[in-house]
Amino acid sequence: MATKPTSSSTPAKKATQTPRQAPPKTRTGVAGPNRWDYAPAPESTSIVQLRDRYDHFIGGEWVKPASKKYFTTVSPSTLKPLAEVAEGTAKDVDKAVRAARAAFENDWSKRSGAERGRFLFRIARILQERAREFAVLESMDGGKPIKESRDVDVPLAAAHFFYYAGWADKLEYAFPGQKVRPLGVAGQVIPWNFPLMMLAWKVAPALAAGNTVVLKPAETTPLTALLFCEVLEQAGLPAGVVNIVTGDGVAGAAVVSHPDVDKVAFTGSTAVGKQIARAVAGTDKKVTLELGGKAANIVFDDAPLDQAVEGIVNGIYFNQGHVCCAGSRLFVQESAYDAVIAKLKRRMETLRIGDPLDKNTDVGAINSKAQLERITALVGAGVEEGAEIWQPSCELPKKGYYFRPTVFTGVSQSHRIAQEEIFGPVLSVLTFRTPAEAIEKANNTPYGLSAGVWTEKGSRILSMVSKLKAGVVWANTFNRFDPTSPFGGFQESGYGREGGLQGLAPYLHVEKG
């Protein structure tokens, strides 16, 4: 039975509480349920052991550059130097092509598909085993959030090697009734936005088809390609089958124009793609070009709007907008415009911009000073042309190349921000009333790489897909990739396909049986 406390009873001590810190201010006022704050969760860099200086990887050996020159690659998030990297010239490329030709004629092309497949399987498994190391280095060198490197880039790179390893001994089934044989030496030039993934997209099908490779990574993000050389050594790949020459555009041009390169694969800007097309015109070289884009992301009023907003954010702010297929043009049906914009701004207030190695970061660092200047210039042009700019009230790190996620409303078709590829975290919002108007506006671009459609009606999705001039169209999602699915564009977005069965054909001579 409970008793009443007497006057002599000891009073209970009051618990001392630490005063709660006031929530941060946002553009819409004091933070509430639309904003969460996280404790820092930095990924350790101790797993990455960088060399002070990297040479070219040619013929299975580390070879000093003919120029004896090196350049420094820096982290865009800290501006700290990471390593010195060899500056390639035409002499280095020639040496690499000769090594690749010798390996093709004396070794790789003579191996069975099953043997080649075993090497590819081995590379894929090693990538998985060293996944954390590659993810950390990709974020250090490129500025993308670690959760993207960890959950997207590295797993997809390994998946491509697994996928094409399976095709290596089945080429006669890939092209039934036809004779296939490898081309020879493939010259490949990859961009800085997805260094490891683009390497996998190109190297895996080339090796599966029986070709050898000379690859030139982007000068601002060469380190994961150079770390990949260690994977090749670990896998025991024969010398000269894959050669990597680092450097700037001079080295890339030498790869493309070398007379003993049989196949050219390039991912990058449309301007450079046009130069490559001119350079190989009149030759027997096979060419695959995956170039720029200005994707339309189309939201109808019957779409699940919360899901669509997540797709919009993923479509443009993933990898800081450094994505050729980024949904940089948002078309919203007029009847849903107010609701979509309100939900989008609310969602953007929750985005965390900062250290790419922090697991909480949503938007990392812009890849380089030059790219930051281009983004800034085009955003300035949007303001000057009369579009209304909106940015979330986030603080940017004091050091490094960063840019706030940006939304422009009141955009017309003639605005530069609606026509030119910005390649940054900048979204232009336009409206439409009918599906026909949406199609007309979406196709009003020189590009044709990708698009997205958000609606509950399956018939409408199929109708839109058949009319959109884009190589890839996502329905009720965006930026989804799979090694079994081909990817590529039309018009100024390039030609040829990478990924899937269609990604093998550019690396083979296919003749009637």
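Coordinates for the structure precede this section.
These remarks concern the structure in this document. (Residues numbered from 1 in each chain as written. Predicted model: local features only at pLDDT ≥ 70, side-chain atom pairs only at ≥ 80, totals over all residues. Heavy atoms only, no water.)

## Some details on the pattern of salt bridges
As enumerated under the stated definition, the model contains 27 salt bridges in all. Arg130 is the salt-bridge partner of Glu230, the closest N and O atoms lying 3.0 Å from each other. Taken together, the residues Glu230 in helix H7 (residues 223-235) and Arg130 in the loop between helix H2 (113-129) and helix H3 (131-142) connect sequence positions 100 residues apart. Residues joined in a network through salt bridges with shared partners are Arg51, Arg130, Glu133 and Glu230. (Salt bridge = Lys/Arg side-chain N within 4 Å of Asp/Glu carboxyl O. Helix = DSSP H or I, 4+ residues; strand = E, 2+ residues; numbered from the N terminus.)

## Structural notes on the sheet that holds strand E18 (residues 426-432)
Strand order in the open sheet made by the seven strands is E16-E17-E18-E15-E14-E19-E20, with mixed pairing throughout. Only two strands of the sheet have a single partner each, and these edge strands are strand E16 (388-390) and strand E20 (472-475). Here the average twist between neighbouring strands, direction ignored, is 20°. Across three bridges, the pairing between strand E17 (residues 406-409) and E18 is parallel. Bridge assignment links Thr406 to a residue of E18, and that residue is Val426. With respect to the sheet, helix H12 (residues 369-384) is in contact with E16, E17 and E18, its orientation differing from that of E17 by roughly 25°. (Pairing = 2+ DSSP bridges. Axes fitted to C-alpha atoms, helices over the stretch in contact; angles between N-to-C directions. Contact = heavy atoms within 4.5 Å.)

## A look at the sheet that holds strand E7 (residues 81-86)
A sheet is described by the order of its strands in space; here three strands give the open sequence E3-E7-E6, paired in mixed fashion. Across the chains shown, the open sheet's two edge strands, defined by having one partner strand only, are strand E3 (53-54) and strand E6 (70-74). Bridging between E3 and E7 involves two bridges; their strand directions are parallel. When the bridges of E7 are listed, Arg53 appears paired with Glu84.

## Describing the environment of Thr212
For Thr212, the position within the fold is in strand E10 (residues 212-216). Judged by relative accessible area, Thr212 falls into the buried class, the value being 0%. C-alpha separation for the pair Thr212 and Ala99, spaced 113 residues apart in sequence, amounts to 9.3 Å. In this structure, Thr212 is in contact with Ala100, Arg101, Ala103, Phe104, Trp108, Gly184, Val185, Ala186, Gly240 and Val241, ignoring residues within four places of it in sequence. (Buried < 20%, exposed > 50% of the residue type's maximum accessible area, 1.4 Å probe, protein only.)

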